[in-house]
Amino acid sequence: MKQYLGLTAVVVKDYDAAIDFYVNILGFELLQDIEVPEQQKRWVVVGPKGATDSRLLLARAVGDEQSSRIGNQTGGRVFLFLYTDDFWRDYNAYLAKGVRFIREPKTEPYGTVAVFEDICGNQWDLVEPA
């Protein structure tokens, strides 16, 4: 039996602002945006262009407890790891679009890496594997 992680939920403040960031800033594809009226929610899925198994479910926070997790789903650690085949292309493109990098690029044994924040404050590694 084949298994894989299909979706990772990211708690967001606002669907449209999150879609704008992931699609227009990071260059992801909007794969699904479906109203779920009985729950007053939307089913919003984005993913890196060309990726088949890794996708994000943008989940709008409901209530104080969920809202308190926006931008801090992992207690301040890097949450997600975006792999690229050209670190400097993506790093420079993201800088030009205003992405906030909180750790400068460096070379590690596993590859070239820098840490950035998404629209909600979650920390991401941008990584070009060695």
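Note that residues are indexed from 1 along each chain, following the sequence as it is written. A pLDDT threshold of at least 70 governs which residues receive local features in this predicted model, and a stricter bar of 80 or more applies before side-chain atom pairs are shown or counted, although totals over entire chains, interfaces and linings include all residues. Values shown for side chains rest on all heavy atoms present in the structure; no hydrogens or waters enter the calculation.

Peer 1: I'd love a proper account of the UniProt feature "domain: VOC" (unreviewed entry) in the protein chain, names of residues and values included.
Peer 2: Mapped onto this numbering, the UniProt entry gives "domain: VOC" (unreviewed entry) at residues 3-129. Each helix is a run of DSSP H or I of at least 4 residues and each strand a run of E of at least 2, with the numbering of both proceeding from the N terminus. Secondary structure across residues 3-129 divides into 20% helix and 44% strand, with the first and last C-alpha atoms of the span separated by 23 Å. UniProt positions are given in the numbering used here, feature names are shortened, and annotations may be inferred rather than shown by experiment.

Peer 1: Break down a nonpolar patch on the surface for me, citing the residues and quoting the values.
Peer 2: Note on patches: the residues involved have over 30% relative accessible area and no salt bridge, like charges join within 9 Å, and the nonpolar side chains Val, Leu, Ile, Met, Phe, Trp and Tyr join within 5 Å. Accessible areas in this description were obtained via Shrake-Rupley with a 1.4 Å probe; residue shielding takes into account the shown protein chains only. When a carboxyl oxygen of Asp or Glu lies within 4 Å of a side-chain nitrogen of Lys or Arg, that pair is called a salt bridge. Residues Leu7, Ile34 and Trp43 make up a contiguous nonpolar surface patch of about 260 Å² in total accessible area. With respect to the helices, strands and loops of the structure, Leu7 is situated in strand 1 (residues 7-12).

Peer 1: Please give an account of the side chain of Asp118 that cites residues and values.
Peer 2: The topology assignment puts Asp118 in the loop between strand 7 (111-117) and strand 8 (123-129). Polar contacts here mean pairs of N or O atoms no more than 3.5 Å apart (in protein, one a potential hydrogen donor and the other a potential acceptor; neighbouring residues in sequence count only if both atoms are side-chain atoms). There is a polar contact of 3.0 Å between the side chain of Asp118 and the backbone nitrogen of Gly121. In this structure the side chain of Asp118 is engaged in a polar contact, spanning 3.2 Å, whose partner is the side chain of Trp124. Only heavy atoms enter the contact rule, under which two residues are in contact if any of them lie within 4.5 Å. Here Asp118 is in contact with Val10, Phe21, Tyr22 and Trp124, once residues within four sequence places are set aside.

Peer 1: For the sheet that holds strand 5 (residues 78-83), give the residues involved together with the corresponding values.
Peer 2: Here 4 strands make up an open sheet; going across it, the order is 5-8-7-6 and the pairing mixed. With one partner strand each, in any of the chains shown, strand 5 and strand 6 (100-108) form the two edges of the open sheet. Across the sheet, the mean angle from the axis of one strand to that of its neighbour is 20°, orientation sign disregarded. Most of the contacts of helix 3 (residues 87-96) go to strand 6, to which it runs at about 165°, and overall it touches strand 5, strand 6, strand 7 and strand 8. One bridge is not enough; two strands pair if DSSP finds at least two bridges between them. Here an angle of 0 to 180 degrees is reported between the N-to-C directions of two axes, which are lines fitted to C-alpha atoms, with helices fitted over the stretch in contact.

Peer 1: I'd like to hear about the pairing of strand 3 (residues 41-47), residue by residue, with values.
Peer 2: Throughout this description, buried means an accessible area under 20% of the type-specific maximum (1.4 Å probe, protein chains only), exposed means over 50%, and partly exposed covers the range between. Counting buried positions along strand 3 yields 5 of 7 residues, so the element is predominantly enclosed. Direction of pairing for strand 2 (residues 29-36) relative to strand 3: antiparallel, over a ladder of 7 bridges. Counterpart to Gln32 in the pairing with strand 3 is Val45. Remark: 4 residues form the turn of the hairpin made by strand 2 and strand 3, two consecutive strands paired antiparallel; Gln40 in that turn has positive phi of roughly 55°. The pairing of strand 3 with strand 4 (residues 55-60) spans 3 bridges and is classified as antiparallel. By the bridge assignment, Val46 is partnered in strand 4 with Leu56.

Peer 1: So what's going on with the packing of aromatic side chains? Which residues, and what values?
Peer 2: Stacked, tilted and edge-to-face pairs are distinguished by plane angle, under 30 degrees for stacked and over 60 for edge-to-face with tilted covering the rest, among Phe, Tyr and Trp rings (Trp via its six-membered ring) whose centres lie within 6.5 Å. Applying the stated criterion across every chain, the model contains 11 aromatic pairs. Consider the rings of Phe21 and Tyr22, whose centres lie 5.3 Å apart with planes at 85°: the pair is edge-to-face. Pairing Phe28 with Trp124 gives two aromatic rings, centres 6.3 Å apart and planes at 65°, and the pair type is edge-to-face. Taken as a pair, Phe28 in the loop between helix 1 (15-25) and strand 2 and Trp124 in strand 8 lie far apart in primary sequence, 96 residues in all.

Peer 1: Residues and numbers for the pattern of salt bridges, please.
Peer 2: Overall, the coordinates contain 7 salt bridges when judged by the stated rule. Note that Asp85 and Arg89 form a salt bridge whose closest N and O atoms lie 2.9 Å from each other. Relative accessible area serves as the criterion here: at 43%, Arg89 is assigned to the partly exposed category. Put simply, Asp16, Asp33 and Arg42 are held in one network by salt bridges that share partners.

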